[in-house]
Amino acid sequence: MIRTPQVPVSELLLEYQQYVLAYRLRRALGGALSPAEAQLSLAAYGLARNERQALARQMISRACPPGTLMRLETLTDKLLFGFWHNPAQMADFLRAAIRQGGHPALERPDAFAALLSEAEQRRLGVLGVRQVIRHHHACLALAAFQNHPHGLDAAWACIEAERVPLFIDELSSPGSGG
């Protein structure tokens, strides 16, 4: 049996938070980039993520029934898995966003901040909001640096320098997991 290392809960919550922010950005862009389904709750995201990880393990062990790869891709799209940190995926997203006319949140910090609720902005404070914006705009920059290794290193350094705290509303109230 393949053993996978335990991921700290805070990392899993940050992953969900990244999903929520990607979902909000795609919804703000609308059109073909708008998510096809309603935003997942933390509990629903966790179940879908567990299914995706099990399918990925099946693919590695080659013990997978027909249709496994298609289901894995469907879950990856649904979870917006890797959205912020995959340069190729970010490049595809930005090309599609540009074809669609773009969105101010892709360029302007104040427009990106508008993706955050008032409660989230209060929870983060002015400096925290700036940190979140710097982090996510650096993620967007990954697309531009995809074919430029030195620029890609600089973008990753910026991303890694901004340790984003947990702040989304979906994680702040009791019973928010379902």
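Everything quoted here is computed from the prediction, not taken from an experiment. (Residues numbered from 1 in each chain as written. Predicted model: local features only at pLDDT ≥ 70, side-chain atom pairs only at ≥ 80, totals over all residues. Heavy atoms only, no water.)

Draft legend 1. Main features of the packing of helix H2 (residues 42-61) against helix H3 (residues 68-79). Taken N-terminus to C-terminus, the directions of H2 and H3 make an angle of 145°; their axes are 9 Å apart at the nearest point. Like other packed secondary-structure pairs, H2 and H3 cross with a definite hand, here left-handed. Between H2, through Tyr45, Ala48, Arg49, Glu51, Arg52, Leu55, Ala56, Gln58 and Met59, and H3, the contact on the second element is made entirely by Thr68, Leu69, Arg71, Leu72, Leu75, Thr76 and Leu79. Per-class residue counts for the contact of H2 with H3 are nine nonpolar, three polar and four charged. (Axes fitted to C-alpha atoms, helices over the stretch in contact; angles between N-to-C directions. Helix = DSSP H or I, 4+ residues; strand = E, 2+ residues; numbered from the N terminus. Left-handed = near helix turned anticlockwise from the far one by under 90°. Contact = heavy atoms within 4.5 Å. Nonpolar A, V, L, I, M, F, W, Y, C, P; charged D, E, K, R; others polar.)

Draft legend 2. Structural context of the side chain of Gln131. Along the polypeptide, Gln131 turns up in helix H6 (residues 118-141). Owing to a relative accessible area of 17%, Gln131 belongs among the buried residues under this scheme. Aside from chain neighbours lying at most four places away, what touches Gln131 is Glu162, Arg163, Val164 and Pro165. (Buried < 20%, exposed > 50% of the residue type's maximum accessible area, 1.4 Å probe, protein only.)

Draft legend 3. Local environment of the nonpolar core. If you look at the biggest cluster of nonpolar residues, it comprises 47 residues, and the most contacted ones within it are Leu25, Trp84 and Phe93. Looking at which element gives the most residues to this core, the answer is helix H1 (residues 9-29), with eight residues. (Core = buried A, V, L, I, M, F, W, Y, C linked by side-chain atoms within 4.5 Å.)

Draft legend 4. A look at the packing of aromatic side chains. In total, this model carries seven aromatic pairs according to the counting rule given. Consider the rings of Tyr16 and Tyr45, whose centres lie 5.4 Å apart with planes at 65°: the pair is edge-to-face. With Tyr16 in helix H1 and Tyr45 in helix H2, this pair connects stretches of sequence that are 29 residues apart. Take Tyr16 and Tyr45: they sit in the same class, and that class is buried. Between Tyr19 and Tyr45, the aromatic rings sit 5.1 Å apart at their centres with planes inclined by 40°, giving tilted as the arrangement. Here the residue Tyr19 occupies a position in helix H1, and Tyr45 occupies one in helix H2, the gap between them amounting to 26 residues. Exposure remark for Tyr19: the relative accessible area of 2% places this residue in the buried category. Tyr45 sits in the buried class, given a relative accessible area of 3%. Lying across the ring of Phe81, Arg52 places its NZ or CZ 3.7 Å from the centre. (Phe/Tyr/Trp six-rings, centres within 6.5 Å; stacked < 30°, edge-to-face > 60°. Lys NZ or Arg CZ within 6 Å of the ring centre and 35° of its normal.)

Draft legend 5. Up close: the packing of H1 against H2. Where H1 meets H2, the axes come as close as 11 Å, and the angle between the chain directions of the two elements is 105°. Between H1 and H2, the angle is such that the two are roughly perpendicular. Residues Leu12, Leu13, Glu15, Tyr16 and Tyr19 of H1 touch H2, and the partners they reach there are Leu42, Tyr45 and Arg49. Counted by class, the contact of H1 with H2 contains six nonpolar, no polar and two charged residues. (Parallel < 35°, antiparallel > 145°, perpendicular 65-115°, else oblique.)

Draft legend 6. Region of the structure containing the pattern of salt bridges. Taken as a whole, this structure holds 10 salt bridges when the rule is applied. For Glu170, the salt bridge is made with Arg24, and the minimal N-O distance between the two is 3.2 Å. With a gap of 146 residues between them, Glu170 in the segment after helix H7 (149-161) and Arg24 in helix H1 connect regions that are remote in the sequence. When its relative accessible area of 9% is taken as the criterion, Arg24 is described as buried. Among the salt bridges present, the one from Glu162 reaches Arg134, with a minimum N-O distance of 2.7 Å. Of the two residues, Glu162 is situated in the segment after H7 and Arg134 in helix H6; the sequence distance between them amounts to 28 residues. Taking the relative accessible area as the measure of exposure, Glu162 reaches 12% and is therefore buried. Looking at Arg134, the relative accessible area reads 41%, which means it is partly exposed. Salt bridges sharing partners connect three or more residues here, namely Arg24, Glu120 and Glu170. (Salt bridge = Lys/Arg side-chain N within 4 Å of Asp/Glu carboxyl O.)

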